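Architecture at a glance
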Amino acid sequence: IVQNPSVWQTSIYIMLSIAMFNYFGLSVTRYLSATSRATIDTCRTLFIWMTSLALGWETFSWIQVIGFVILVYGTFVYNRVITLPF
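Residues numbered from 1 in each chain as written. Predicted model: local features only at pLDDT ≥ 70, side-chain atom pairs only at ≥ 80, totals over all residues. Heavy atoms only, no water.

**Comments concerning the overall build of the protein chain**
The helix and strand inventory of the protein chain stands at three helices and zero strands. In sequence order, the protein chain lays out its α and β elements as α-α-α. Relative to its length of 86 residues, the protein chain is extended, with a C-alpha radius of gyration of 16 Å against a globular reference of 12 Å. C-alpha atoms of the protein chain, sized along the principal axes, occupy 55 × 35 × 15 Å. (Helix = DSSP H or I, 4+ residues; strand = E, 2+ residues; numbered from the N terminus. Rg over C-alpha atoms; globule rule 2.2 N^0.38 Å.)

As structure tokens, this is what we get:
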């Protein structure tokens, strides 16, 4: 890792990103609710995917969009934001 500055810098950015996300996640949980944090956590997946698309690390795939919609729907059902009719 030390021999390759690109890997080292990316590792530092990832660690800082995770640290900030966890700090703000705890703040949201303290002032709002765990349901709000779960919803925001789901949006992190979307942000990471959009970033990797913008950087050219991935190509667009409709199956990923469908998977994200299912993930969000499942999170909403689990946190009782959406109630199932049965």
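**Some thoughts on the confidence of the model for the protein chain**
Residues of the protein chain with pLDDT of at least 70 account for 99%, and the chain-wide mean is 85. Looking across the protein chain, the model is least confident in helix α2 (residues 34-54), with a mean pLDDT of 83, and most confident in helix α3 (residues 62-78), with 88. (pLDDT = per-residue confidence, 0-100.)

**Focus on the packing of aromatic side chains**
Aromatic ring pairs are described here by two measures, namely the spacing of the ring centres and the angle between the planes. Counted according to the given criterion, the structure contains three aromatic pairs. Considering the side-chain rings of Tyr23 and Phe24, the 5.2 Å spacing of their centres and the 70° angle between planes classify their relative orientation as edge-to-face. Relative to Phe60, the ring of Trp49 lies with its centre 5.7 Å away and its plane at 35°, an arrangement referred to as tilted. Of the two residues, Trp49 is situated in helix α2 and Phe60 in the loop between α2 and α3; the sequence distance between them amounts to 11 residues. Trp49 sits in the buried class, given a relative accessible area of 15%. A relative accessible area of 46% places Phe60 in the partly exposed class. Members of the aromatic cluster, connected to one another through ring pairs, are Trp49, Phe60 and Trp62. Stacked on the ring of Phe21, the Lys or Arg Arg44 has its end atom at 4.3 Å from the ring centre. (Phe/Tyr/Trp six-rings, centres within 6.5 Å; stacked < 30°, edge-to-face > 60°. Buried < 20%, exposed > 50% of the residue type's maximum accessible area, 1.4 Å probe, protein only. Lys NZ or Arg CZ within 6 Å of the ring centre and 35° of its normal.)

**Focus: the packing of α2 against α3**
Following both chains from N to C, one finds α2 and α3 inclined at 170°, their axes separated by 9 Å at the closest point. In terms of orientation, α2 and α3 fall into the roughly antiparallel class. Facing α2, whose interface residues are Ala38, Thr39, Thr42, Thr45, Leu46 and Trp49, α3 presents Gln64, Val65, Phe68, Leu71, Val72, Thr75 and Phe76. Considering only residue class, the contact of α2 with α3 consists of eight nonpolar, five polar and no charged. (Axes fitted to C-alpha atoms, helices over the stretch in contact; angles between N-to-C directions. Parallel < 35°, antiparallel > 145°, perpendicular 65-115°, else oblique. Contact = heavy atoms within 4.5 Å. Nonpolar A, V, L, I, M, F, W, Y, C, P; charged D, E, K, R; others polar.)

**Considering a nonpolar patch on the surface**
On the surface, Trp8, Ile12, Tyr13, Met15 and Leu16 cluster together into a nonpolar patch covering about 560 Å² of accessible area. As for its placement among the helices and strands, Trp8 is situated in helix α1 (residues 5-31). (Patch = residues over 30% accessible without salt bridge, like charges linked within 9 Å, V, L, I, M, F, W, Y side chains within 5 Å. Areas by Shrake-Rupley, 256 points an atom, 1.4 Å probe, with all protein chains shown as cover. Salt bridge = Lys/Arg side-chain N within 4 Å of Asp/Glu carboxyl O.)

**Some details on α1**
Count 3.6 residues to each turn of an α-helix, and residues three or four apart come out pointing the same way. Helix length check: α1, at 27 residues, gives a terminal C-alpha distance of 39 Å against a target of 39 Å (1.5 Å per residue), a fit within 8%. Those residues of α1 that fall on the buried side of the exposure criterion are Gly25, Ser27 and Val28. Where the residues of α1 are buried, they touch α2. (Expected span 1.5 Å × (residues − 1).)

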